[in-house]
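Observations on chain architecture
Each chain, written out:
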Amino acid sequence: MLADLLPEIEESPFVGHLIEAEVTEADRDEFIKLKKCTLDSRILTAGVIQHDTDLPVMATVVLEEPGAA
């Protein structure tokens, strides 16, 4: 699922502005698979999550400001 989503990000006009970011332990706990980058001062996270084994897997893309809760 993430493999289908990442080319859309990697081929977008802003790809030259993306810098790969460090994946934290909290990220690993939340996501099954993910890619994390910075875009200017914001953090772009694209990943796959599953809240429960009885629920479907979901792809998410989040762009957040540092320090945002």
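What counts and what doesn't
- Residues numbered from 1 in each chain as written.
- Predicted model: local features only at pLDDT ≥ 70, side-chain atom pairs only at ≥ 80, totals over all residues.
- Heavy atoms only, no water.
- Core = buried A, V, L, I, M, F, W, Y, C linked by side-chain atoms within 4.5 Å.
- Buried < 20%, exposed > 50% of the residue type's maximum accessible area, 1.4 Å probe, protein only.
- Helix = DSSP H or I, 4+ residues; strand = E, 2+ residues; numbered from the N terminus.
- Contact = heavy atoms within 4.5 Å.
- Polar contact = N/O pair within 3.5 Å; in protein donor to acceptor, adjacent residues only side chain to side chain.

Observations regarding the nonpolar core
- Counting seven residues, the largest nonpolar core consists of Leu6, Ile9, Leu18, Cys37, Leu39, Leu44 and Ala46.
- Contributing elements (two or more residues each) for this core: helix H1 (2–10), strand E2 (33–39) and strand E3 (42–49).
- Among residues more than four places away in sequence, those in contact with leucine 39 are Phe14, His17, Leu18 and Leu63.

Side note on unusual backbone geometry
- In this structure, aspartate 40 is a non-glycine residue whose phi angle is positive, near 60 degrees.
- Looking at the secondary structure, you find aspartate 40 in the loop between E2 and E3.
- With a relative accessible area of 60%, aspartate 40 lands in the exposed category.

A closer look at the side chain of lysine 36
- With respect to the helices and strands, the residue lysine 36 is situated in strand E2.
- With a relative accessible area of 12%, lysine 36 lands in the buried category.
- Within the local environment of lysine 36, its side chain forms a polar contact with the side chain of aspartate 27, the two groups lying 2.8 Å apart.
- Apart from residues no more than four positions distant in its own chain, lysine 36 is found in contact with Glu20, Ala21, Glu22, Val23, Thr24, Asp27, Ile43, Leu44 and Thr45.

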